[in-house]
Amino acid sequence: MEPIKEPSTPLVLLSSSPHIHSGHTVPAAMREVLLALVPAVLASFYYFRMSALSVILACVISAMVFEAICQKLMNRPITTYDCSAALTGLLLALCLPPSFPISLAIMGSFFAIVIGKMVFGGLGCNVFNPAHLGRAILLASYPQQMTTWVLPVTASTTLNAVTSATMKADAVSSATPLVSMRIAESLWQTGQQASTQLPSLWNLFIGNVGGSLGETCVPALLVGGLFLIWRGHVDWRVPFFYLATVAVITGIYGGVRGYDSIFPLYHLMAGGLMIGSFFMATDWVTSPITKRGRIVYAIGLGVLTALIRLRGSYVEGVCYSILMMNMVTPLIDKYVCNISFGGGAKK
Amino acid sequence: MSSQKATFLDGIHIPPNKSLTDGLKITKCAAPDFVYLPLSMHIGAPAQPIVKLGDKVKMGQVIATAGGFVSSNIHASVSGLVTGFQKRYLPNGMTSNCIVIKNDGLDTLSEEIVPRNESEITPDLIRKQLQEKGIVGMGGATFPTHVKYAPPKDCPAIDTIILNGIECEPYVTSDHRVLLEYPSEIIQGLKYFMLASGAKKGIIAIEDNKPDAIALMSKLVENEPGIEVLTCVEKYPQGSEKQLVYASTGRTVPDRGLPAAVGVVVDNVATAVAAARAIKDNMPLIERVVTVSGNAVNNPGNYLVRLGTLYSDLVEKAAQGYKGDLARIISGGPMMGFAVNSLDFPIIKGSGSLLLFNYDSPFAHVPQEQTCVRCGHCVDACPMFLEPTVIVQAVKQRNWDSAASSSIHACIECGSCAFECPAHIPLVQYIRMGKQFIGGKGEGGCNPFYVIKK
């Protein structure tokens, strides 16, 4: 037997299969999510003009800067190019009230990036949706600024009779549709009509109401969300089951209490539910990885949101329900797991 | 031909890139001066050589006999002189003893190779011929075919034979050409398989990216009772055994089970051709169709090559060399093939393709691994419904219990997860490594990616 012959070795690349790749990258996906948010950003410019621009710019730039500083301090490669910090900043900005002070917005960015993301180890390691964590901290720390709403510059001052409309330099302070709904609820309970208390469905749909920068314009969010589903970045199950659960619960609740039939429709379109279900709850890092897990997660989101909105003292439930379900995600991943093809139940 | 296209659940879409060679007729590659026939070119025990140094052998003569039931005979693919025994690397990284035969250029056929009368063919003869003529699965797995037709007693009776003409690997077109150019032998082989197993139904499964092959085969099986052509959706890994059984029959092969457990046997179309020749003409398996493709090849094509031909001979004689500096040499398809470091490997019974890429190709780029962002694309892609990222987490932590309870053994290593991963995590590679560790009870071998810090 001759000794073993070593193959001659020209310079070729060796690796284990597969040798081709789909070309999907994280930065490309992040850029597409940013692209999907463009309609919502444009809508916020249209409704809130300069105040939208300044808050969005402040949040996006500061988020990127904070991430770069953290990575520098942590001796890690600086990955501003992957757009994940920009996305976090933008999502945070879209969840803030239009007249929000710039300095506080930057502080929100700090919380979102540093406390929400980098402390856990950066992209992919965070437990909570960073943008919503930043918003929750701001809400706890500055409740007054976080709940001062202004009407869009396009809305007429007679639209809302709930709050005494006080003219400001560029905006009118108002209540959000969800606050109006609380008043409408009490009217419905005593058998009165409440339509004058509520913005019209059409205004609610197109976003001509008070609310956070990016959450009001439903068509813009739908376009972006459907784009993400089409591109495969978002699992349709999350927004579908989230919205469906909220609609069913508010529908039953309204039906039992004898509210107007538009009650669930208002809940679907008002507040942060649209942006939350398409852009926040579907965050890769903080949602379950299996399809069945995502359904459980989305139904949990819907139940929590409806509970907070209907029974809580605070009118908006999306942010907190997403943060709560983020905490449950590892548990869902552990117990709602796939059964292998042809295999029995997993231990 | 069924109007509904069959498929399995999950899986991925890969650009097929088959246009380089799918229109090119099978051409003969000239027999080389030396052939190197490994004794382990099949799954199972290595064959035992029965020739000595200096023996004169004829083409088709048995030179090594099966080393057990799950093993296979090896035949001389050229006539000439046994000039040596060498230990060589195979593309899969294993080593094997090879019998070296110097070609005398005469191709003197062994006397026993005479066509047989159709009337004397019986199921037992078919099994005997499959074993004696060295027929193994030519789709790549190289599992000895006669073993599939001698199923264990506790299995249900075989009622369906599926011929796999899917060829879901990008670039590879050898099975496509076999379908187009040896269709009658495929049907003949399928009939023999059905006779040997007692199956009443035969399915020829073809992916819908080969309409010409589907049309041809459908026409030919029109008057064949029990045989049908099944059009499958172009999706990876449609050609994987368990996925194909599900697509064709709706049956789920149990975990750790063979298709025989649900009454099905799957064979490659090239295997059917080889079997037909072995049974009818007494011709052993000594040559096969190999696709040579990739952007570096001067003359890509589908070549009929003698077993034991070195890749270098194939590239030189048939494909007329390559252009540029080679960045990648892939033995097999880009999804499951082996990247090798030279052309110094013999063609074995399972080699369906050889791909050469130079530095102009995206194959020359190996991206860096990043952190998992839990997007779940790997979970959505996995045709075995596993959770690759969870298994990989366990493998990285050397938590073999956790990896095992995540069904790491069920992975078919198709690579769909790693193909899809936006963070470029080599998921299937980690899983493969984890399997080896678990096979060796966590000892032996080395983990090149992960070092435990104490």
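Residues numbered from 1 in each chain as written. Chains lettered and ligands numbered in written order. Predicted model: local features only at pLDDT ≥ 70, side-chain atom pairs only at ≥ 80, totals over all residues.

**Regarding the overall build of chain B**
Each helix and strand counted, chain B has 13 helices and 17 strands in total. The C-alpha atoms of chain B give 22 Å as radius of gyration, which agrees with the globular expectation for 454 residues (22 Å, within 12%). In terms of overall dimensions, chain B has a C-alpha envelope of 65 × 50 × 40 Å along the principal axes. Looking at chain B as a whole, 57% of its 454 residues are labelled buried. Summarising the internal contacts of chain B: among those between residues at least 6 apart in sequence, 73% fall at separations of at least 24. (Helix = DSSP H or I, 4+ residues; strand = E, 2+ residues; numbered from the N terminus. Rg over C-alpha atoms; globule rule 2.2 N^0.38 Å. Buried ≥ 20, exposed ≤ 12 C-beta atoms within 10 Å, placed from the backbone. Contact = placed C-beta atoms within 7 Å.)

**Observations concerning the sheet that holds strand 11 (residues 227–232) of chain B**
Residues and elements named next belong to chain B. Spatial strand order, 11-10-9-12: 4 strands in an open sheet with parallel pairing. Each edge of the sheet is formed by a strand with only one pairing partner; in this case those strands are strand 11 and strand 12 (264–268). The average undirected angle you get between the axes of adjacent strands in this sheet is 25°. For strand 9 (residues 160–165) and strand 12, the ladder comprises 5 bridges, and the chain directions are parallel. Opposite Thr160, over in strand 12, you have Val264 as the bridge partner. (Pairing = 2+ DSSP bridges. Axes fitted to C-alpha atoms, helices over the stretch in contact; angles between N-to-C directions.)

**With respect to the domain arrangement of chain B**
Residue and element names in this part refer to chain B. Per the domain assignment, the segments making up chain B are domain 1 (31–103), domain 2 (118–280), domain 3 (287–364) and domain 4 (377–439). Taking the mean C-alpha position of each, domain 2 and domain 3 sit 26 Å from one another. Counting residues at the interface gives 15 residues for domain 2, matched by 17 residues for domain 3. When residues of the side of domain 2 that touches domain 3 are assigned to their parent elements, the largest contribution, 3 residues, is made by helix 3 (residues 174–181). (Domains from an automatic or database assignment.)

**Side note on the packing of helix 4 (residues 102–115) of chain A against helix 5 (residues 130–141) of chain A**
All names here are of chain A. At a closest axis distance of 8 Å, the pairing of helix 4 and helix 5 adopts a crossing angle of 130°. With respect to helix 5, the element helix 4 is oriented oblique. Note on packing geometry: the crossing formed by helix 4 with helix 5 is right-handed. Residue-level inspection shows Leu104, Gly108, Ser109, Phe111, Ala112, Ile113 and Ile115 of helix 4 in contact with helix 5, the latter providing Pro130, Ala131, Leu133, Gly134, Arg135, Ile137 and Leu138. Looking at the contact of helix 4 with helix 5 residue by residue, the class counts come to 10 nonpolar, 3 polar and 1 charged. (Parallel < 35°, antiparallel > 145°, perpendicular 65-115°, else oblique. Left-handed = near helix turned anticlockwise from the far one by under 90°. Nonpolar A, V, L, I, M, F, W, Y, C, P; charged D, E, K, R; others polar.)

**Regarding the UniProt feature "transmembrane region" (unreviewed entry) in chain A**
All names here are of chain A. UniProt records the feature "transmembrane region" (unreviewed entry) for residues 46–66, 78–100, 106–128, 205–230, 236–256, 263–282 and 294–310 in the present numbering. End-to-end, the C-alpha atoms of residues 106–128 are 19 Å apart, and along that stretch the chain is 43% helix and 0% strand. Each end of residues 263–282 is marked by a C-alpha atom, and these two atoms are 25 Å apart; helix forms 75% of the span and strand 0%. (UniProt positions renumbered as here; feature names shortened; annotations may be inferred.)

**Quick look at the packing of helix 3 (residues 84–94) of chain A against helix 4 of chain A**
Residues and elements named next belong to chain A. Axis separation between helix 3 and helix 4 bottoms out at 10 Å; the angle between their running directions is 130°. With respect to helix 4, the element helix 3 is oriented oblique. You can see that helix 3 and helix 4 cross each other, and the crossing is right-handed. Within the contact between the two elements, helix 3 uses Ala85, Thr88, Gly89, Leu92 and Ala93 and helix 4 uses Ala105, Gly108, Ser109, Ala112 and Ile113. The class makeup of the residues in the contact of helix 3 with helix 4 is 6 nonpolar, 4 polar and no charged.

**Some words on the confidence of the model for chain B**
When pLDDT is averaged along chain B, the result is 88, and 96% of the positions lie at 70 or above. The model gives residues 443–454 of chain B a pLDDT under 50, and that stretch makes 6 contacts with residues more than four places away or in other chains. (pLDDT = per-residue confidence, 0-100.)

**Section: the domain arrangement of chain A**
Residues and elements named next belong to chain A. Parsing chain A into structural domains produces domain 1 (26–146) and domain 2 (176–335). Averaged C-alpha coordinates put domain 1 and domain 2 at centres separated by 21 Å. Counting from both sides, the interface comprises 33 residues of domain 1 and, opposite them, 28 residues of domain 2. Counting residues per element, the ones that place at least two in the side of domain 1 that touches domain 2 are helix 1 (26–48), helix 2 (50–73), helix 3 and helix 5. The greatest single-element share of the side of domain 1 that touches domain 2, amounting to 13 residues, is contributed by helix 1.

**So, the nonpolar core**
In terms of nonpolar packing, the biggest core is built from 250 residues, with Ala93 of chain A together with Leu314 of chain B touching the most fellow members. The biggest single contributor to this core is helix 1 of chain A, with 11 residues. With sequence-adjacent residues up to four places away left out, Leu314 of chain B is seen in contact with Cys29, Val290, Val292, Tyr303, Val305, Thr309, Ala319, Ile347 and Leu354 of chain B. (Core = buried A, V, L, I, M, F, W, Y, C linked by C-beta atoms within 7 Å.)

**Here's the deal with the sheet that holds strand 16 (residues 338–340) of chain B**
Residues and elements named next belong to chain B. Sheet architecture is open: 6 strands sit in the order 1-14-13-17-15-16, paired in mixed fashion. One side of each edge strand has no neighbouring strand; the edge strands of this open sheet are strand 1 (26–28) and strand 16. For this sheet the average axis-to-axis angle between neighbouring strands, irrespective of direction, equals 30°. Summarising the sheet, strand 15 (residues 326–331) and strand 16 pair through 3 bridges and their orientation is antiparallel. Residue pairing in the sheet places Ile330 in a bridge with Ala339 of strand 16.

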